[in-house]
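Examining the three-dimensional arrangement
Residues per chain are reported as follows:
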Amino acid sequence: MNKYKTINRRKSDRIYVGTVPIGNNSPISIQSMTNTKTTNTLDTIKQILELQKVGVDIVRVAIPTMKAAESFKIIKKKVSVPLIADIHFDYRLALKSIEYGADCLRVNPGNIGNKKRVSEIVKCAKDKNIPIRIGVNAGSLEKDILKKYRIPTPEALVESAIRHIEYFDDLNFHQFKVSVKASDVFLAVEAYRILGKKITQPLHIGITEAGSFRNGTVKSSIGIACLLLDGIGDTLRISLSANPIEEVKVGYDILKVLGLRSRGINFIACPTCSRQEFDVINIVNQLEKRLEDISTPIDVSIIGCIVNGIGEAKLSTLGLTGGYKKSAFYEDGIRQKNKLKNEEIIEKLEIKIRNKIKKIDELNNCKK
Ligand code: SF4
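Note that the structure is a prediction, hence the values are computed from the model and not measured.

**Quick word on the side chain of Lys177**
Take Lys177: it is sitting in strand 8 (residues 176-181). Ignoring any residue separated from it by four or fewer positions in sequence, one finds Lys177 in contact with Ile15, Val17, Ile22, Gln31, Ile84, Cys104, Ile132, Arg133, Ile134, Pro202, His204 and Thr235.

**Here we look at the packing of aromatic side chains**
Applying the stated criterion across every chain yields a total of 2 aromatic pairs. Taking 5.4 Å as the distance between ring centres and 80 degrees as the angle between the ring planes, the aromatic pair formed by Phe168 and Phe173 counts as edge-to-face. Between the aromatic rings of Phe168 and Phe176, the centroid separation amounts to 5.2 Å while the plane-to-plane angle is 80 degrees, which identifies the pairing as edge-to-face. One exposure class covers both Phe168 and Phe176, and it is buried. Taken together, the ring pairs in this structure connect Phe168, Phe173 and Phe176 into an aromatic cluster. Here the guanidinium or amino end of Arg263 rests over the ring plane of Tyr252, the centre of that ring lying 5.6 Å away.

**Overview of helix 9 (residues 244-257)**
For helix 9, with 14 residues, the first-to-last C-alpha span of 20 Å sits near the 20 Å given by 1.5 Å per residue. All buried positions along helix 9 are accounted for by Pro244, Ile245, Glu247, Val248, Val250, Gly251, Tyr252, Ile254 and Leu255. Structurally, helix 9 contributes buried residues whose contacts are with strand 3 (29-33), helix 1 (41-53), helix 8 (213-229) and strand 10 (235-237). The first or second residue beyond helix 9 is Gly259, which carries a positive phi of 70 degrees.

**Here we look at the packing of helix 1 against helix 2 (residues 66-78)**
Where helix 1 contacts helix 2, the two axes come as close as 10 Å, and the packing angle between them is 35 degrees. Here helix 1 runs over helix 2; the crossing is right-handed. On helix 2, the residues touching Thr41, Thr44, Ile45 and Ile48 of helix 1 are Ser71, Ile74, Ile75 and Lys78. Looking at the contact of helix 1 with helix 2, its residues break down into 4 nonpolar, 3 polar and 1 charged.

**Describing a positive patch on the surface**
Judged by side-chain charge, Lys326, Arg335, Lys339 and Lys341 come together as a positively charged surface patch. Structurally, the position occupied by Lys341 is in strand 16 (residues 340-341).

**A few points about the pattern of salt bridges**
Across all of its chains, the model carries 27 salt bridges by this definition. Linking Lys46 and Glu50 is a salt bridge whose minimum nitrogen-to-oxygen distance equals 3.9 Å. Note that Lys46 and Glu50 are positioned in helix 1 at a spacing of 4 residues, about one turn of the helix. Judged by its relative accessible area of 28%, Glu50 is partly exposed. Linking Glu331 and Lys356 is a salt bridge whose minimum nitrogen-to-oxygen distance equals 3.0 Å. With Glu331 in strand 14 (residues 326-331) and Lys356 in helix 12 (residues 345-367), this pair connects stretches of sequence that are 25 residues apart. Accessibility expressed as a relative area gives 10% for Lys356, which makes it buried. It is possible to trace a salt-bridge network through shared partners that takes in Arg290, Asp293, Glu347, Glu350 and Arg354.

Conventions we followed
Starting from 1, residues in each chain are numbered consecutively following that chain's sequence as written. The predicted nature of this model means local features are confined to residues of pLDDT at least 70 and side-chain atom pairs, given and counted, to a pLDDT of 80 or more, with totals for whole chains, interfaces and linings taken over all residues. Hydrogens and waters are ignored; side-chain quantities use all the structure's heavy atoms. A helix here means a DSSP run of H or I that spans at least four residues, while a strand means a run of E at least two residues long, and both kinds are numbered starting from the N terminus. Any pair of residues with heavy atoms lying within 4.5 Å of one another is described as a contacting pair. Any two rings among Phe, Tyr and Trp, with Trp reduced to its six-membered ring, count as a pair given centres within 6.5 Å; such a pair is stacked if its planes are under 30 degrees apart, edge-to-face if over 60, and tilted if neither. Only protein chains enter the area calculation, which uses a 1.4 Å probe; residues under 20% of their type maximum are buried, those over 50% are exposed, and those in between are partly exposed. Definition used: whenever NZ (Lys) or CZ (Arg) falls within 6 Å of the ring centre and also within 35 degrees of the ring normal, the charge is taken to sit over that ring. In a helix, the anticipated span is given by 1.5 Å times the number of residues less one. Helix axes are fitted only over the stretch in contact, all axes being lines through C-alpha atoms; the angle between N-to-C directions runs from 0 to 180 degrees. Here is the rule for handedness: rotate from the far helix to the near one, and if that takes an anticlockwise turn smaller than a right angle the crossing is left-handed, while a clockwise turn gives right-handed. Gly counts as polar in this scheme, as do all residues outside two lists: the nonpolar Ala, Val, Leu, Ile, Met, Phe, Trp, Tyr, Cys and Pro, and the charged Asp, Glu, Lys and Arg. Candidates for patches are residues over 30% relative accessible area with no salt bridge; among them, like charges are joined within 9 Å and nonpolar side chains (Val, Leu, Ile, Met, Phe, Trp, Tyr) within 5 Å. All accessible-area figures derive from a Shrake-Rupley calculation using a 1.4 Å probe, and residue coverage is judged against the displayed protein chains alone. For this document, the term salt bridge refers to a Lys or Arg side-chain nitrogen within 4 Å of an Asp or Glu carboxyl oxygen. In this charge count, Lys and Arg are treated as positive and Asp and Glu as negative; neither His nor the chain ends contribute. Think of each charge as sitting on NZ of Lys, CZ of Arg, CG of Asp or CD of Glu.

Structural measurements only, silent on function.
Below, the structure written as structure tokens:
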């Protein structure tokens, strides 16, 4: 939780993707999507396992062909994280994926076809008790909606979503979540805001096709943060033209900043200037890499000099404040007797962080 603000989340229904709850105040789950060929089962399994290591909650896998559906069957048996089958165009791929154990489906109303096909998918999902995501995308709106609005507008995205929500309602199917994504931040945010007021189902949020690692991170952070601050969003995916692992890390970073979820080390580090007593940038980057395996939340401040170092160290679980040749080390806001030699900071601080994590984990285990 953030010290200064608590976000009131939009009230929504709860569904489950495998064992992961979505909606009704559940932790905001982080999704990513494999970008290996699904038919390359070994690489896809490897990527899913890598995503699990960095804390992904749910993984989406594209099923573009029947061959991919056959591979999905094998992949599903080898991983424990819930899998969503991503379906476009051919409803038979949806039916096959459900048969092969998908924990959820993502269908795109703009290209899945007529109501009859949708009803077959829904019937199958109902039988297996799995949810569906209605995934509207500004880039693939239905032709008639696009004709009506001329360009993708928030209202157009919402109309597409509502059309399918009504199909689902008619079929008495309520286990679904909805997304109305666009690559334009204003378009996506407004669409979610409108939709959020109209329905009670959980919302999967994201800025689609956001771009390269840096550009996409900035766009996603702005769009997703606007929604989260409004209390909108039950699960999210950061769409980056980068390794999917980065999507998960950025997702956690956004949620961490807003106090909505915490995982791993929150490094507080100064931008550096000529007052720095040690190489802050190098130390922070190295420690970030070395400590990637940590999932226990902890604040660690690494500040180059006393200007802001003492204040930040007092607010952090562990803190380092740059000093001449040796730097002051703080634990739980209290300055420790022994300083760290500046040339030994990386090794020594890693040990101190790991020891502290061990203590925190032991304490948490005792409380259980
Ligand atoms: Fe410079 Fe010190 Fe500020 Fe870091 S904390 S930017 S070293 S003045």
